Amino acid sequence: MLGWPAWPLWICILLTLSLGAQAGDLEQADIARRFPPPLRVAAKLTEVPAWPLNSELTPAGGPVGYVFESIDLAPIPGFEGTPFNLLIAIDAQGNFMSVEVLRQHEPVFLSGLGIGPLNEFVAQYAGKNLKQRITIANVYGERNRANTDSGKVVLDGVTKATASIHVVNQTVLASALAVARVRLGLATPGEHIPAEVRADTFEKKDFATLLKAGEIGYRQWRNAEVEALFSGSEGSGLDPLALREPDARFVDLYVAYLNAPTIGRALLGDAGYQKLMERLSPGQSAYWVATAGRLLLYDEDFVRGSVPARLTLSQDQVPLAARDADLELASPAGAPALASALILKTPELSGVDPGRPISIGLDIVREKGQVYPTRIRQTLTLDYRAPGRYFTYPPTPLPAWLVAWGARWPELAAIGLALVLLSVVLARPRWISIAPRRLAIFRRGFLAFTLLFIGWHAQGQLSIVQLTGAVKTLSAGQNLGSFLYDPVSLLLIAFTLLSFFVWGRGTFCGWLCPFGALQEFLALLAQRLHLKVKHLPPGLEVAMERGRYLLLGVLLLAAAFAPQVAESLVEVEPFKTSITLGFERSWPFVAWAAFLLLLSALYYKFFCRFICPLGAAITLGGRLRRWDWLPRRKECGQPCQTCRSRCEYDAIARDGHIIYDRCFQCLDCVGIYHDAQRCAPLIFHARKGRDFPLPRADGTHKAH
């Protein structure tokens with residue numbers, strides 16, 4: 001059961017349900033100052049939170065672009081838990097005009113690297129198009145490049161801010177795509193690559209064969225089915241013919257994908273198909289739509305080349321303004337008598353994927369009332385998918401977070417192997433610990449790996465910022481998906497959580513914390529310099545240990561109620577200064593980190609034991625431990641005090657039991673316990689010539 005220090009965590013869990021999301025920062029006048037004449041900023045739209053940009057040079061041409069704040073459309077939490085707010089402008093063709101950072105709270109950019117690298121990163125979006133696959137380079141400094149074969153664009157990242165930069169990219173793309181779908185008719189997600197038609201695939205088929213094979217989509221509605229749609233609207237113009245002949249045909253609706261040569265040449269003829277292909281832009285799709293029966297595709301006001309008022313073409317529930325291709329159509333050979341037929345062209349920017357299903361909606365409108373009639377609309381819908389054999393399908397792009405994992409597989413593999421090795425050593429510690437020199441070599445080597453590779457190279461220093469960020473994210477009603485962009489930290493978090501149940505808090509604090517490793521090396525240096533280790537009075541030591549929990553509670557409460565205050569308070573933790581930024585920071589932060597390191601040289605691991613809020617949280621997690629894995633004898637503490645006197649963490653009580661909340665798993669006491677040359681009870685019994693249960697290699701005992 002958790003003791004009193006657990007209360008801050010329970011309070012903050014309850015608080016995560018209480019707070020809402022943030023809103024945008026700018027008004028129309030603020031946008032106008034950023035986009036001067038000849039551009040004019042119109043009123044904010046109601047269907048999507050974006051300001052249209054009009055041009056004085058083309059006053060009747062409609063908006064030339066749109067400006068919007070990302071936080072209104074894609075409030076994706078950053079590493080610190082607060083969403084970025086970016087001002088993004090795209091033109092009417094889906095090209096990025098500009099991206100500006102309005103607000104951000106990422107620790108690495110606030111007082112570490114500064115805002116400069118982030119501004120340089122977002123400047124790279126200018127001129128890129130939403131239909132391109134925009135990804136982040138694996139290594140900062142890699143030249144910005146475009147892959148013309150796949151439409152892929154790679155932007156230079158920022159060192160020491162990999163996770164944050166991936167969140168920025170997702171924020172830019174998600175918010176821009178949200179506007180483009182509503183205002184530009186963009187249908188598919190930005191990372192989705194549409195299928196490409198196989199122009200070399202042709203089989204001579206007639207209408208009946210195509211229809212039977214489903215290559216022409218078809219559905220029939222009878223009079224009774226249509227009347228049922230209007231059954232809840234009294235006086236809505238019931239059809240007398242339908243009442244007399246309910247089973248008679250009302251309309252047959254047909255649809256077919258014309259870009260495929262087999263279908264297009266069968267329905268249009270060779271010359272008609274060639275003419276249509278000449279009118280289509282690359283990536284643009286055309287669909288043949290026809291009706292037979294009582295309903296036409298258009299009304300008497302229809303103008304060729306325009307968008308038919310009665311027809312809707314959509315994909316993924318996104319309606320597209322598909323226009324008539326304005327081509328003369330003859331009835332296909334073998335087709336039934338048709339009442340109407342059109343060729344619909346998808347918008348050039350739409351990104352419609354012809355290899356995936358589309359929906360054709362045909363509206364029926366009736367009027368209710370005579371003096372002031374009310375128009376009642378019902379839609380007949382036909383879902384259609386062109387056969388897959390007519391397309392080549394590019395491989396589905398991996399999610400951005402999975403790409404980030406793939407890019408870091410060498411680091412993940414190295415750390416994974418190190419974690420396996422550490423697990424084996426901690427599970428069977430006798431061999432490594434019984435020889436002091438062997439244990440010292442292994443421990444110092446592993447801590448060097450933790451500091452140099454996990455910390456300074458792989459940027460895997462876990463931090464209280466991850467806890468406060470999680471509180472902020474959940475408080476805003478968001479998920480913790482941003483953690484996926486930092487695979488090294490996520491791997492360490494997962495391993496640490498599992499270790500709670502087996503060994504307690506010491507696995508991370510004693511072996512996997514880079515700042516803890518740095519403190520331990522400084523303590524070794526102080527020992528070489530013959531600096532005497534100091535100890536706090538026992539009462540003050542206990543009070544300061546408990547103070548860590550108070551600090552943890554304050555930080556989590558601030559994250560929930562006062563996020564900006566929390567941003568300053570987390571600087572009590574020197575991890576960003578010393579590990580993330582390698583001391584490349586302004587002098588107050590460097591001075592604070594240096595002061596804590598000096599204290600840790602005089603008082604063994606001072607920061608870890610008496611200040612670290614993350615250590616407080618991990619200590620609470622360590623209470624999930626299911627086994628007392630450190631072996632003890634009845635003589636331990638009664639009277640033997642050997643292990644207690646040598647434990648630099650004061651993790652062994654006077655009565656000999658292990659205080660697991662303080663234990664850093666250095667394995668010194670394990671080595672003494674197994675060593676007949678250092679364990680006082682073993683030495684005593686050996687001198688008396690008595691049988692004594694000696695430890696086996698697996699930790700069990702055998703008679704001496």
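The following paragraphs examine the structure supplied in this document. Here the structure is a predicted model, which means the values were calculated and not measured.

Structural notes on the environment of Gln564
- Mapped onto the fold, Gln564 is located in helix H20 (residues 563-569).
- A sequence separation of 459 residues divides Gln564 from His105, and the C-alpha atoms of the two residues are 8.4 Å apart.

Looking at helix H18 (residues 514-528)
- The first and last C-alpha atoms of H18 sit 21 Å apart over 15 residues, in line with the 21 Å expected at 1.5 Å per residue.
- Among the residues of H18, Pro514, Phe515, Gly516, Ala517, Leu518, Gln519, Glu520, Ala523 and Ala526 are the ones counted as buried.
- Of the surrounding secondary structure, the elements contacted by the buried residues of H18 are helix H14 (436-457), helix H17 (506-512), helix H21 (575-580), helix H22 (587-602) and helix H23 (606-610).
- Phi turns positive, to about 65 degrees, at His530, one or two residues after H18.

Things to note about the sheet that holds strand E3 (residues 65-69)
- The strand order E1-E2-E3-E4-E5 describes an open sheet built from 5 strands, whose pairing is antiparallel. Since the sheet does not close on itself, it has two edges, and those belong to strand E1 (39-41) and strand E5 (96-103), each with one partner. Going across the sheet, the axis of each strand differs from the next one's by a mean of 20 degrees, ignoring polarity.
- When strand E2 (residues 51-55) meets E3, the two strands line up antiparallel, connected through 3 bridges. Within E3, the position partnered with Pro52 by the bridge is Tyr66.
- Its contacts with the sheet put helix H6 (residues 162-184) on E3, strand E4 (85-91) and E5, and the angle it makes with E4 is roughly 45 degrees.

Remarks on the nonpolar core
- Phe508, Trp511, Leu512, Phe515, Leu614, Leu630 and Leu667 are the most contacted members of the largest nonpolar core, which has 77 residues in total.
- The contacts of Leu667, once residues within four sequence positions are left out, are Val425, Leu426, Pro429, Ile432, Ser433, Leu439, Trp511 and Trp629.
- Grouped together as the second largest cluster of nonpolar side chains are 52 residues, Leu280, Phe302, Leu313 and Ile358 included.

Overview of a nonpolar patch on the surface
- Taken together, the side chains of Leu550, Val554, Val565 and Leu569 present a nonpolar region at the surface, about 310 Å² in accessible area.
- Every element with two or more residues in the nonpolar patch is listed here: helix H19 (538-561) and H20.
- Within the secondary structure layout, Val554 lies in helix H19.

Points about the pattern of salt bridges
- For the structure on display, the rule yields 23 salt bridges.
- For Glu215, the salt bridge goes to Lys205, with nearest N and O atoms at 2.7 Å. Highlighted residues: Glu215 in the loop between helix H7 (207-212) and strand E10 (216-222) and Lys205 in the loop between strand E9 (196-197) and H7, separated in sequence by 10 residues. Grouping residues by exposure puts Glu215 and Lys205 together as buried.
- Two residues, Arg389 and Glu215, come together in a salt bridge whose shortest N-O distance is 2.3 Å. Of this pair, Arg389 sits in the loop between strand E18 (374-384) and strand E19 (391-392) while Glu215 is found in the loop between H7 and E10, placing the two residues 174 residues apart along the sequence.

Some thoughts on the packing of helix H12 (residues 409-427) against H14
- At a closest axis distance of 12 Å, the pairing of H12 and H14 adopts a crossing angle of 150 degrees. When the axis of H12 is compared with that of H14, the two are roughly antiparallel. Note on packing geometry: the crossing formed by H12 with H14 is left-handed. Touching Glu411, Ala414, Ile415, Ala418, Leu421, Leu422 and Val425 of H12 are Phe442, Phe446, Phe449, Phe453, Ile454 and His457, all from H14.
- Among the residues forming the contact of H12 with H14, the class breakdown is 11 nonpolar, 1 polar and 1 charged.

What counts as what
- Residues numbered from 1 in each chain as written.
- Predicted model: local features only at pLDDT ≥ 70, side-chain atom pairs only at ≥ 80, totals over all residues.
- Heavy atoms only, no water.
- Helix = DSSP H or I, 4+ residues; strand = E, 2+ residues; numbered from the N terminus.
- Expected span 1.5 Å × (residues − 1).
- Buried < 20%, exposed > 50% of the residue type's maximum accessible area, 1.4 Å probe, protein only.
- Contact = heavy atoms within 4.5 Å.
- Pairing = 2+ DSSP bridges.
- Axes fitted to C-alpha atoms, helices over the stretch in contact; angles between N-to-C directions.
- Core = buried A, V, L, I, M, F, W, Y, C linked by side-chain atoms within 4.5 Å.
- Patch = residues over 30% accessible without salt bridge, like charges linked within 9 Å, V, L, I, M, F, W, Y side chains within 5 Å.
- Areas by Shrake-Rupley, 256 points an atom, 1.4 Å probe, with all protein chains shown as cover.
- Salt bridge = Lys/Arg side-chain N within 4 Å of Asp/Glu carboxyl O.
- Parallel < 35°, antiparallel > 145°, perpendicular 65-115°, else oblique.
- Left-handed = near helix turned anticlockwise from the far one by under 90°.
- Nonpolar A, V, L, I, M, F, W, Y, C, P; charged D, E, K, R; others polar.

Scope: geometric values only; no functional claims are made or implied.
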